[in-house]
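Results of the structural survey
One letter stands for each residue in the lines below.
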Amino acid sequence: MSTNIASMDEPTPQQMRTVIISSTVGTAIEWYDFFLYGTMAALVFPKLFFPASDQVVGTLLSLLTFLVGFIARPFGGAIFGHLGDRIGRKSTLVATLLLMGVSTFIIGILPGYSTLGVFAALLVTLMRLCQGLGVGGEWGGSVLLAMEYGHKSKRGYWASWPQLGAPLGLALSTIVVDIVQSAMGNASFLSWGWRIPFFVSALLILIGLYIRLRVMETPLFAKVKEQKREAEAPLLHAFRHSTPEILLSAGSRFVEQAPFYLFATFVVTYGVDKLLLNKTMILNSIVVAAVLEMITIPIFGALSDRFGRRLWYLIGCVLMAAFSFPYFLLMNSGSTALFVVAVVLSLAIFHSWVYGPQAAMIAERFSTRSRYSGASLGYQLAAPLAGGLAPIIALLLLNGKTNLSALGLNGVILNIGSGSWVAVSIYMIVLAVISFASVLGLKELAHADISSVEEDKISSDMLILATED
């Protein structure tokens, strides 16, 4: 771009499109890498890295490596949040993209258990850790890139666009896996073909870097830099002045994050192992749902600008709880069409209902000086409990496991009886209740002027609340 749009108070529509493309494409690439691992953790890695275990335990061990990425995400949010609030959003986003891409490429060249034994699992876990660090820092920067340019109006709409990276990355990773698997057959895919989707990531990273390097720093942070008002310790600054907002933001994500990984990852294991459905059909259903969600996310983000993010999100929590039992009833009906309907509704309606307005709802409650750190922590602290554990908990509930001795946790007892899909539905309801209670504790800031707030914390007497659009 020949014009420094960071110096402008109100970017033109063309400049705003460049910003949105940069934040959305970069985020989609990172989520492609992240979801690709999740797909392989369900389909390939149990046999590749844990062949000595039985099927259920092997899947659990594979999903534990999936969990590592979620555990790393808050640390990634803290590290890159600090950098984003100190040196800028743009430079930090370039770093997260590189870290994610390199880690994914290395996973694609790792040998399996037959060559390295247990070290193969350790190495793939380390790379998963690096993936988690990268995606942990990516979300906050990409959302702020969009929101801090479009902060004067339609903040929920603009901030929802980077959220498209999740379904776009999910659809892209699923399509690539499906194409490769269909082209070479199951045996060749399990032997070496699974590596190809990881190699594709290297090309995507180059595309993402080209687009991201063309965007200038955001107007709000550029103003902070110009005034030399950067927080010396943004992470401490965020916790000192906004701890309740960080914790409540994390709680608000339970209704969205855990169900998402049930809808996108656990459903593959459930459909193949329990319902004996065709794996390709399941993956195609996820792709259709993800594509439709790319339409509904900005719609729901825009609606939150009109009706208020807090009210819209509370309704979404109720809808998610109400959908928990019908979701499994549709899948268990024996009808392929109804199974597809369940998958599509789960992502394109009930998940996107809260995911669309979520970015603005979290990010707008922190001051510019520590917004990257505060928003990243508010978003990523929920990742280990509500994200990485979700498919593991669901699998345990489904299979009625009464202990975790096979995972090296002797003596840990889970009272979940014989196990069934009913237990998983109840789990979804509990998640929705946690988020509902958390959002009740948050203020409505949909119409607050975040650009005029230069104090350490957004206070109620500084809010400019509009009675109408």
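Structure first, text after, so check above.
Just so we're clear, the structure is a prediction, and the values are computed from it rather than from any experiment.

Running from amino to carboxyl end, helix α12 (residues 254-274) crosses helix α13 (residues 279-307) at an angle of 165 degrees, the nearest separation of the two axes being 9 Å. The angle between α12 and α13 falls in the class roughly antiparallel. Between α12 and α13 the crossing geometry is right-handed. For the pair formed by α12 and α13, the contact residues are F260, F263, A264, V267, V268, G271 and V272 on the first element and K279, I282, L283, I286 and E293 on the second. Looking at the contact of α12 with α13 residue by residue, the class counts come to nine nonpolar, one polar and two charged.

There is a patch of nonpolar side chains on the surface, built from L116, V118, F119, L122, L123, L126 and L129 and spanning about 610 Å² of accessible area. Top contributing element to the nonpolar patch by residue count: helix α6 (residues 118-147), with six residues.

The next subject is the nonpolar core. Membership of the largest hydrophobic core comes to 128 residues, with the highest contact counts inside it found for M40, F45, W194 and L262. No other element matches the 15 residues that helix α15 (residues 336-363) contributes to this core.

Moving on: the side chain of E148. If you trace the backbone, E148 turns up in the loop between α6 and α7 (155-160). Polar side-chain contacts of E148 include one of 2.8 Å to the side chain of R89. Once residues within four sequence positions are removed from consideration, E148 is found in contact with R89, T218, P219, L220, F221, T368 and R371.

What follows covers α13. The first and last C-alpha atoms of α13 sit 40 Å apart over 29 residues, in line with the 42 Å expected at 1.5 Å per residue. Bending of α13 peaks at approximately 30 degrees at the position of M294, with proline P298 no more than four residues after it. Regarding α13, its N-cap is N278, as a side-chain oxygen of that residue lies 2.9 Å from the backbone nitrogen of T280 further along. Once α13 ends, the next one or two residues include G308, with phi positive near 100 degrees.

With the rule as written, the count across this model stands at nine salt bridges. The shortest N-O distance in the salt bridge between R253 and E256 comes to 2.8 Å. Accessibility expressed as a relative area gives 3% for E256, which makes it buried. Where R309 meets D305, a salt bridge forms, and the shortest distance between an N and an O atom there is 2.9 Å. Judged by its relative accessible area of 0%, R309 is buried. Of the residues examined, D305 reaches a relative accessible area of 10% and is grouped as buried. Three or more residues joined by partner-sharing salt bridges are found here, namely D85, R89, E148 and R371.

Take α6 next. For α6, with 30 residues, the first-to-last C-alpha span of 44 Å sits near the 44 Å given by 1.5 Å per residue. Within α6, the axis deviates most sharply at E138, by approximately 25 degrees. α6 sits mainly inside the fold: 22 of its 30 residues count as buried.

Tracing the chain through its elements places S376 in helix α16 (residues 371-380). Under the relative-accessibility criterion, S376 is labelled buried at 0%. Separated by 296 residues in the primary sequence, S376 and F80 have C-alpha atoms spaced 8.7 Å apart. Ignoring any residue separated from it by four or fewer positions in sequence, one finds S376 in contact with G77, G136, G140 and R371.

Let's shift gears to the packing of helix α11 (residues 234-252) against α16. Packing of α11 against α16 brings their axes to within 8 Å, and their N-to-C directions diverge by 35 degrees. Handedness of the α11/α16 crossing: right-handed. Touching P234, L235, A238, F239, I246, S249 and A250 of α11 are S373, G374, L377 and G378, all from α16. For the contact of α11 with α16, the residue count by class is seven nonpolar, four polar and no charged.

What counts as what
Just so you know, the residues in each chain are numbered from 1, in the order the chain's sequence is written. Totals for whole chains, interfaces and linings use every residue, but because this is a predicted model, local features are given only for residues with pLDDT of at least 70 and side-chain atom pairs only at 80 or more, for both listing and counting. The basis for every side-chain value is the complete set of non-hydrogen atoms in the structure, without hydrogens or water. For helices, the axis comes from a line fit to the C-alpha atoms of the stretch in contact; other axes are also lines fit to C-alpha atoms, and the angle between any two N-to-C directions lies between 0 and 180 degrees. Secondary structure elements are defined from DSSP: runs of H or I of at least 4 residues count as helices, runs of E of at least 2 residues count as strands, and each element is numbered from the N terminus. Small angles under 35 degrees read as roughly parallel and large ones over 145 as roughly antiparallel, with 65 to 115 read as roughly perpendicular and the rest as oblique. Note: crossing handedness is left-handed where the near helix turns anticlockwise from the far helix by less than a right angle, and right-handed where it turns clockwise. Note on definitions: a residue-residue contact is assigned when non-hydrogen atoms from the two residues lie within 4.5 Å. Classes in brief: Ala, Val, Leu, Ile, Met, Phe, Trp, Tyr, Cys and Pro nonpolar; Asp, Glu, Lys and Arg charged; the others, Gly included, polar. Think of a patch as exposed residues, more than 30% relative accessible area, with no salt bridge, where like charges cluster within 9 Å and nonpolar side chains (Val, Leu, Ile, Met, Phe, Trp, Tyr) cluster within 5 Å. Residue exposure ignores everything except the shown protein chains as possible cover, and the areas themselves are Shrake-Rupley values with a 1.4 Å probe. Within this document, salt bridges are pairs made up of a side-chain nitrogen of Lys or Arg and a carboxyl oxygen of Asp or Glu, the two lying within 4 Å of each other. Side-chain atoms within 4.5 Å are what join buried Ala, Val, Leu, Ile, Met, Phe, Trp, Tyr and Cys residues into a set we call a nonpolar core. A 1.4 Å probe rolled over the protein chains alone gives each residue an accessible area, and that area as a share of the maximum for its type sets the label: buried under 20%, exposed over 50%, partly exposed in between. N or O atoms closer than or at 3.5 Å make up a polar contact, with two conditions inside protein: a donor-capable atom paired with an acceptor-capable one, and, for residues adjacent in sequence, both atoms drawn from side chains. What a helix should span is 1.5 Å times the count of its residues minus one. To get the bend at a residue, fit one axis to the 7 residues ending there and another to the 7 starting there, then take the angle between the axes.

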